[in-house]
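Residue strings, one per chain:
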Amino acid sequence: MDHRKTGKEDMRYLRQPRGPGKGWVFKMPTPPELVGVPNPWDGRPIRKTITKGLGTRHLPSARKLRDIALGDIRRLQDGLRDGEAFSLASAVEWREAILAARQNAEDPRRVGIEMVLTDKLEQAEARGLPLDQLQRCARVASGKGFPLDLAHSQYVEARRPGNPYGYAPLKRSTVMNLDTAMKHLRAFLEDEAKTACLEDVTPELARRFRYDFLPSLRHHRSPQGLSAQTVAKNVNLLKQLWVWAEENGRLPKRYRNPWVFPRGISRTNNKREQVRENFQPEETSKLLAATERGTREGDVVRLAIATGCRADEIAMITTDQVKEGGEGFYLLDGKSKN
């Protein structure tokens, strides 16, 4: 038999990335339900593509090893736990596969891969898998919702220092403030299970969050509620996340940014005078007693008391900002040295 004449099926998933005459490699797109599942060969989480070196230049041997690899993958699919099959990572992969199928289908309302997912969801429901998990998977996979938690992490990653997209990198203090804004939004949405999606935030909910919920938040240092500047900062941070989501296809085209508010009556910078109460001696003593010197929390508390710096300023200090003798540090903006 002339092995140089092979059909497409015989060469399926076989590649020679280093060129003709070099070793064969098994490479195939990962089935959506297997993304994030431990690889059967090395235990690492499976990514969007499954790749395995076959260790041979002999084509017939490569075909046999490919078939063995396919068998391993099929067994992995058959034994997959429901929690992994309908995880958030799996739902996002289904979403991309369904979107690609819709773009190439004559009738985008009926694509085969979407029907396959529907069957799998119905079977999982019959087996007793939690309905809320299945509904979230179906919503994300069908493109009707993009998880708020995932959008948050992807946005921060996209704007990291040295990112390849040309975005201005976020400062660490900005990332921390965004985390706080997201925490407030989750509390407002009562999203303890972290199942909320970007599309859940309507213009009406955004308005209530801005004008009712945020100003009502109180703690011991802001007993009268958040200031107008702090409210505006929270809203602007969330607005930029939604801008990024729109730009990168995380939101449907018909959806508009809920954080863009119509211009109305002018407001002063401070709707009311804000009074930040200083820690009382007994409160400071409790802080010191509750934190141990040499621990991260203990050192931050003691540095804040000794220098007057805010906790987020201390959190941004790097080792090259510390004096050689360890007797002090300086802030990069040059406005304050200690």
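What counts as what
- Residues numbered from 1 in each chain as written.
- Predicted model: local features only at pLDDT ≥ 70, side-chain atom pairs only at ≥ 80, totals over all residues.
- Heavy atoms only, no water.
- Helix = DSSP H or I, 4+ residues; strand = E, 2+ residues; numbered from the N terminus.
- Buried < 20%, exposed > 50% of the residue type's maximum accessible area, 1.4 Å probe, protein only.
- Contact = heavy atoms within 4.5 Å.
- Areas by Shrake-Rupley, 256 points an atom, 1.4 Å probe, with all protein chains shown as cover.
- Polar contact = N/O pair within 3.5 Å; in protein donor to acceptor, adjacent residues only side chain to side chain.
- Pairing = 2+ DSSP bridges.
- Expected span 1.5 Å × (residues − 1).
- Core = buried A, V, L, I, M, F, W, Y, C linked by side-chain atoms within 4.5 Å.
- Phe/Tyr/Trp six-rings, centres within 6.5 Å; stacked < 30°, edge-to-face > 60°.
- Lys NZ or Arg CZ within 6 Å of the ring centre and 35° of its normal.
- Axes fitted to C-alpha atoms, helices over the stretch in contact; angles between N-to-C directions.
- Left-handed = near helix turned anticlockwise from the far one by under 90°.
- Nonpolar A, V, L, I, M, F, W, Y, C, P; charged D, E, K, R; others polar.

A. Region of the structure containing the overall build of the chain. Per the secondary structure count, the chain includes 12 helices and three strands. Per-residue burial for the chain yields a buried fraction of 35% across its 338 residues. In the chain, the proportion of contacts linking residues at least 24 apart, taken out of those at least 6 apart, comes to 59%. For the chain, the exposed surface amounts to about 21700 Å²; the carbon and sulfur share of it is 50%.

B. Here's a closer look at the environment of serine 142. Considering the arrangement of structural elements, one finds serine 142 in the loop between helix H5 (131–141) and helix H6 (148–158). The spatial distance from the C-alpha of serine 142 to the C-alpha of leucine 99 is 8.1 Å, given a sequence separation of 43 residues. Excluding residues within four positions of it along the chain, serine 142 makes contact with Arg102 and Glu114. At 2.8 Å, the side chain of serine 142 forms a polar contact with the backbone oxygen of alanine 138.

C. Seen up close, the sheet that holds strand E2 (residues 25–29). Taking strand neighbours across the sheet as the criterion, the three strands line up as E1-E2-E3 in an open arrangement whose pairing is antiparallel. Edge strands, defined here as strands with exactly one partner in the open sheet, are strand E1 (14–15) and strand E3 (49–53). With two bridges joining them, E1 and E2 adopt antiparallel strand pairing. In the sheet register, leucine 14 faces E2, and the bridge partner there is phenylalanine 26.

D. Quick look at helix H1 (residues 59–78). Given a rise of 1.5 Å per residue, 20 residues ought to cover 28 Å, and the 29 Å separating the end C-alpha atoms of H1 matches this to within 8%. If you check which residues of H1 are buried, you get Leu59, Pro60, Ala62, Arg63, Arg66, Ala69, Leu70, Gly71, Ile73 and Leu76. Each element contacted by the buried residues of H1 is listed here: E1, E2 and E3.

E. Here's a closer look at the nonpolar core. Judged by nonpolar contacts, the single largest core of 48 residues is most densely connected at Leu185, Leu198, Leu238, Trp242 and Trp259. Those elements that provide at least two residues to this core are helix H3 (88–104), helix H4 (112–126), H5, H6, helix H7 (172–189), helix H8 (203–216) and helix H9 (228–247). A total of eight residues in this core trace back to one element, the largest contributor, which is H9. If we ignore the near neighbours within four places in the chain, the residues touching tryptophan 242 are Leu148, Leu185, Leu198, Val201, Leu251, Tyr255, Asn257, Pro258 and Trp259. Core analysis: the next-biggest nonpolar cluster, separate from the first, contains 15 residues, Leu14, Val37, Ile46 and Ile50 among them.

F. Local environment of the packing of aromatic side chains. All chains considered together, the criterion is met by 10 aromatic pairs. An angle of 20° between the planes, with centres 5.7 Å apart, marks the rings of phenylalanine 209 and phenylalanine 213 as stacked. With phenylalanine 209 and phenylalanine 213 both in helix H8 and four residues apart, the pair spans about one turn of that helix. You can call phenylalanine 209 buried: its relative accessible area is 0%. Residue classification places phenylalanine 213 among the buried residues on the basis of a relative accessible area of 19%. Among the aromatic residues, ring-to-ring pairing joins Phe188, Phe209, Phe213, Trp242 and Trp259 into one connected group. Against the face of tryptophan 41 rests lysine 52, its NZ or CZ located 5.4 Å from the ring centre. Here arginine 210 stacks its cationic end above the ring of phenylalanine 261, 4.7 Å away from the centre of that ring.

G. Summary view of the side chain of arginine 95. As for its placement among the helices and strands, arginine 95 is situated in helix H3. With residues near it in sequence (within four places) discarded, arginine 95 still touches Val140, Ala141, Gly143, Gly145, Phe146, Gly249 and Arg250.

H. Focus on the packing of helix H10 (residues 281–290) against helix H11 (residues 296–307). One way to put it is that H10 packs onto H11 with a least axis distance of 9 Å and a crossing angle of 145°. Seen along the crossing, H10 lies across H11 with a hand that is left-handed. Contacts between H10 and H11 involve Thr284, Leu287 and Leu288 on the former and, on the latter, Val301, Arg302 and Ile305. Residues of the contact of H10 with H11, tallied by class, amount to four nonpolar, one polar and one charged.

I. Highlighting H7. End to end, H7 covers 26 Å across 18 residues, agreeing with the expected 26 Å (1.5 Å per residue, within 8%). Of the positions making up H7, those classed as buried are Ser173, Leu178, Ala181, Met182, His184, Leu185, Arg186 and Phe188. Residues of H7 that are buried sit in contact with H6, H8 and H9. Just past H7, the residue glutamate 190 takes up positive phi, approximately 55°.

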